[in-house]
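Here's the letter readout for the chains.
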Amino acid sequence: MLDIRYVRENIEAVSDGMRRRQMEPDLAPFVELDRRRREILFEVENKRAMRNKASEEVAQMKREGADISAITRKMRSISGEIKELESELSLVEEKLEEMMMGIPNLPHDTVPTGTTEEENLEVRVWGEKPRFDFEVKDHTTLGEELGILDFERAVKITGARFSLLKGPGALLERALINFMLDMHTGEHGYTEYLPPFMANRESFVGTGQLPKFEEDLFRVSDTDFYLVPTAEVPLTNVVREEILREEDLPLKMTAYTPCFRKEAGSYGRDVRGMIRQHQFNKVELVKITSPHTSWDELETLTRDAEEVLRRLGLSYRVVSLCTGDLGFSAAKTYDIEVWVPSEGRYREISSCSNFTDFQSRRAKIRYREKESKKVRFCHTLNGSGLAVGRTVVAILENYQRKDGTVDIPEALRGYMGGLKTIEPAG
RNA sequence: GGAGGGGUACCGAAGUCUGGCCGUAACGGGGUCGACUCGAAAUCGACUUGGCGGUGAUGAGCCGUCACGUGGGUUCGAAUCCCACCCCCUCCGCCA
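Bear in mind that the values here come from a model prediction, so they are computed numbers and not experimental data.

**Section: the overall build of chain A**
- Helix and strand counts for chain A stand at 13 helices and 15 strands.
- Once the C-alpha set of chain A is aligned to its principal axes, its extents read approximately 100 × 45 × 45 Å.
- In chain A, 73% of the contacts between residues at least 6 apart in sequence involve partners at least 24 apart.
- Carbon and sulfur atoms make up 49% of the accessible area of chain A, which totals about 21,100 Å².

**What about the packing of aromatic side chains?**
- Under the criterion given, the structure shown has seven aromatic pairs.
- Summarising the aromatic geometry, the rings of F204 and Y226 are spaced 5.3 Å apart at their centres and angled 55 degrees between planes, so their arrangement reads as tilted. Highlighted residues: F204 in helix α8 (residues 201-207) and Y226 in strand β4 (residues 225-227), separated in sequence by 22 residues.
- The exposure class of Y226 is buried, given its relative accessible area of 0%.
- Centroid distance F213 to F328: 5.8 Å. Interplanar angle 70 degrees. Geometry classified as edge-to-face. On the criterion of sequence distance, the pair formed by F213 in the loop between α8 and β4 and F328 in the loop between β8 (316-320) and β9 (332-340) is long-range, its members being 115 residues apart.

**Notes on the protein's contact with RNA strand B**
- RNA strand B sits among 24 residues. The nearest are R37, R48, S79, R368 and K374.
- When the atoms of RNA strand B within 4 Å of the protein are grouped by moiety, sugar and phosphate amount to 78% of the total.
- Here a phosphate oxygen of RNA strand B sits 3.2 Å away from a polar atom, N or O, in the side chain of R8.
- Between RNA strand B and the protein, one listed contact pairs a base nitrogen with a side-chain N or O atom of E45 at 2.9 Å.
- The set of elements that each furnish at least two residues to the surface near RNA strand B consists of α1 (4-9), α3 (28-64), α4 (69-101) and β11 (365-368).
- Element by element, the count of residues in the surface near RNA strand B is highest for α3, at 13 residues.
- Taken together, the residues of the surface near RNA strand B break down into six nonpolar, four polar and 14 charged.

**Examining the sheet that holds strand β12 (residues 375-377)**
- The three strands are arranged β5-β11-β12 in an open sheet whose pairing can be described as mixed. In this open sheet, the two edge strands, each paired with only one partner strand, are β5 (242-245) and β12. Sheet twist, expressed as the average angle between the axes of neighbouring strands with direction ignored, equals 40 degrees.
- As paired elements, β5 and β11 share four bridges and run parallel to each other. The residue of β11 that forms the bridge with E242 is I365.

**Quick notes on the sheet that holds β9**
- Strand order in this open sheet of eight strands is β1-β8-β9-β10-β13-β7-β6-β2, and the pairing throughout is mixed. Every other strand in the sheet has two partners, leaving β1 (121-126) and β2 (191-193) as the edge strands with one partner each. Looking at each pair of strands side by side, their axes are set apart by 25 degrees on average, direction ignored.
- Relative to β8, β1 runs antiparallel, the two being bridged by five bridges. Note that in β8 the partner of W126 across the bridge is Y316.

**Structural notes on the pairing of strand β13 (residues 379-387)**
- The buried count for β13 comes to nine of nine residues, which makes it a mostly enclosed element.
- Pairing geometry for strand β7 (residues 279-289) and β13, over seven bridges, is antiparallel. Across the sheet, the residue bridging to V286 is N382, located in β13.
- As judged from the three bridges shared by strand β10 (residues 345-354) and β13, these two strands associate in the antiparallel manner. Residue pairing across strands places S353 opposite N382, the latter belonging to β13.

**Some details on the nonpolar core**
- Counting 47 residues, the largest nonpolar core has L172, L176, M180, L309, L312, I336 and L412 as its most contacted members.
- Looking at this core, the element that brings in the most residues is helix α7 (residues 168-186), giving eight residues.
- Apart from residues lying up to four places away in sequence, L309 is in contact with W126, L314, Y316, I336, V338, I349 and L386.

**Regarding the pattern of salt bridges**
- The full count for this structure, using the stated rule, is 35 salt bridges.
- In this structure, R19 engages E12 in a salt bridge whose closest nitrogen and oxygen atoms are separated by 3.4 Å.
- Overall, the relative accessible area of 51% leaves E12 in the exposed class.
- Note that R35 and E39 form a salt bridge whose closest N and O atoms lie 2.9 Å from each other. One end of the pair, R35, and the other, E39, are both in helix α3, four residues apart, so they sit about a helical turn from each other.
- Look at E39 and you get partly exposed, because its relative accessible area is 35%.
- Through salt bridges with shared partners, a single ionic network connects E263, D270, R276, E343, R345 and R347.

What counts, and at which threshold
Residues numbered from 1 in each chain as written. Chains lettered and ligands numbered in written order. Predicted model: local features only at pLDDT ≥ 70, side-chain atom pairs only at ≥ 80, totals over all residues. Heavy atoms only, no water. Helix = DSSP H or I, 4+ residues; strand = E, 2+ residues; numbered from the N terminus. Contact = heavy atoms within 4.5 Å. Areas by Shrake-Rupley, 256 points an atom, 1.4 Å probe, with all protein chains shown as cover. Phe/Tyr/Trp six-rings, centres within 6.5 Å; stacked < 30°, edge-to-face > 60°. Buried < 20%, exposed > 50% of the residue type's maximum accessible area, 1.4 Å probe, protein only. Near = heavy atom within 4 Å. Polar contact = N/O pair within 3.5 Å; in protein donor to acceptor, adjacent residues only side chain to side chain. Nonpolar A, V, L, I, M, F, W, Y, C, P; charged D, E, K, R; others polar. Pairing = 2+ DSSP bridges. Axes fitted to C-alpha atoms, helices over the stretch in contact; angles between N-to-C directions. Core = buried A, V, L, I, M, F, W, Y, C linked by side-chain atoms within 4.5 Å. Salt bridge = Lys/Arg side-chain N within 4 Å of Asp/Glu carboxyl O.

In structure tokens:
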């Protein structure tokens, strides 16, 4: 959510930002509602002041044993008026809130303007794409032939868009989780969390998934809980409604969680394999920073995520999302895309964003400035570090050999009991 | 699942029965600043919640208003009375 005062005084800048995102802004209703709100507020507060004063008088008169019937009769009608104004006020505020919730974050100046992912800006490329002197197999074929991936049985157990890992496949997934967590906690200074995999409505509103994107979420029936689509939700909400000390910032948190997404509206896309699943594992990075450092922190957070791919020797590139591809709550996002040989293209494996004060205003995450003692909103950032399932995909495909076996990247072998190669189960 | 107790500031806690100088809010602790001290401890003193609106320069300050778990209701007036919901704790039952 943007600052309502900022919107009030910068209608044009907000409209420009929305236009850059290919939206058609119409803020006239906002201006009118905002004006109306302050008008009612003025009136209702004046009447409340009268009531408060009268209330004191009545108490005084009663102590003196005076007759209070005249004043109470008058106050009865004032109270009625207050009640009417209050109900109108809450109606106006509800609509205003709804409108504010519908305004996306303003894209940062450095975000390229564009409509589709075609216009994302390539920032850097790392590593050599592997060259194969044989026909490459995709991860689905490789995994099934090696007996480590079983989609048929996953369908039997649950349904489409679920996967079943087995033997060295399951071990690979688990090794990656540990590898990533160890790197981020041991080398990059993040604190590890193991949060709940469900969160309540307030948490989802805090990070912006609700109310707008309910159709993407799995809701646990008979409860107010939703399955987390990313650890961003529980991690960012760790400090919801808290006032932090400036000297404690930035907070750097990491967590492994499974992620649950309905993937509504992606029917027919990536139906084969484990690229797009209803449940996948992810190690997430979250930072809570002061506004002064968040842009630097976005750069280092992205580097922290990239480092995982470098150690694994997987070729990737970093793109800066254009305004048309930028998420609702983000001011700027870098996607890290890993090379997928069977598709001959890069595929998103991490998304690193600065949400500035957009989430923290919704979630009331604030800090007290050391000098001025003023309370201000933090900036929140997050990024995948990395999506584990897609990392498995990348390893299987990039490290495949002609005979269908797959080498384990050296950095990972210590996490897999020294295993160097995945071979077909005998 | 059953029974009981509770939710007030940074923490603890009084106030609720009997509605009104009880809301920045008693009392205790913590924190910050200052005094004393070579320094520290002890002691003494002062200050320590946020939201919204107005004014002002988007500063300081000032004025008003809201918030005693949440939402309603009663009343001239609600932390206090009534209703609904949420959460926490203890005991019993069940349980990895």
